[in-house]
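Examining the three-dimensional arrangement
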Amino acid sequence: MHGVPADAVAKSLGLTTPELKAFEQSGTPPRTLDFVPVAPLLKLSAPRLENLLRGWHPPAVDLTLWRELRQLTSHRDGLSVHCYLVWDEVTREAALFDTGLEPDLVLNAITENDLTLRQIFVTHSHFDHIDGLEVIRARHPRAHLHTSAASALPQHRNKPNDFLQLGSLRITNRETPGHAEDGATYIVGNFPEDAARVALVGDALFAGSIGGMGGGGDAARAKIREQILSLPSDTLLCPGHGPLTTVAEEKEHNPFFG
Ligand SMILES: [Zn+2]
């Protein structure tokens, strides 16, 4: 994403270019590597990168604090992706954030919790996030579809900082392009018992990482800083892949923001 040639990265790690390619594919280096020299080349914080490679992981999040939030993880062909269902406990009105790859997971969660699906929010239009859209919309044709202003999907494009009421919950949006041109982040607040607000970030930000992109890394990082890391530090971050995290954890540990 910063246009650094693969052979320069390989050299800084003491690898050949084919060894680097194999490492990128397998995730396992051919031998113990010193990653410190590669950090500045990739514009990463060296101490944070080392910490991550030593096995840093955000502390597990106790989701029982957010009783009206479910993380649904679907799988296909070795790929796994999260989507999220949020609802108001009293009115049972629900909002779905992305669909994942197995729409039955979503449909069953709606039935089991006796919910009415009112809104569907799309964080970005990569297939693993919207693959279930057709099936879910066929079963819930009255649910409104919300997408980034930049989305090619036809309906209900977000207006910046629009807000929407779902029972007592409030949902707002922020544009977070980078990993995807139509990347959007949704923020849900006003949970009962003062549980912190929740940000559904799609693939813009992951625990200790960010979503891959072809170029424009600096602009995307600035957007994430501005639109996501500026949220209150206890905000729960719900990404499309990998563990849940918080604004505080990412501000302190994410090597892309050192
Ligand atoms: Zn994606």
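These numbers were taken from a predicted model, which means no experiment stands behind them.

What counts and what doesn't
Residues numbered from 1 in each chain as written. Predicted model: local features only at pLDDT ≥ 70, side-chain atom pairs only at ≥ 80, totals over all residues. Heavy atoms only, no water. Helix = DSSP H or I, 4+ residues; strand = E, 2+ residues; numbered from the N terminus. Contact = heavy atoms within 4.5 Å. Pairing = 2+ DSSP bridges. Axes fitted to C-alpha atoms, helices over the stretch in contact; angles between N-to-C directions.

**So, the environment of S151**
- Topologically, S151 is positioned in the loop between β5 (144-146) and β6 (163-166).
- C-alpha of S151 to C-alpha of S209: the two residues are 58 residues apart in sequence and 24 Å apart in space.
- Apart from residues no more than four positions distant in its own chain, S151 is found in contact with R157 and D182.

**Let's talk about the sheet that holds strand β4 (residues 116-121)**
- Pairing in this open sheet of five strands is mixed, and the strands run β1-β2-β3-β4-β5 from one edge to the other. The open sheet has two free edges, formed respectively by β1 (69-76) and β5, since each of these has just one partner strand. Direction aside, the axes of adjacent strands within the sheet are offset by 25° on average.
- Of the strand pairs in this sheet, β1 and strand β2 (residues 79-87) are connected by eight bridges, and their pairing is antiparallel. Residue R70 lies in a different strand from β2, and its bridge partner there is L85.
- Lying on the sheet, helix α5 (residues 103-112) is in contact with β1, β2, β3 (93-97) and β4; it crosses β1 at an angle near 155°.

Everything listed here is a matter of geometry and, on its own, says nothing about what the molecule does.
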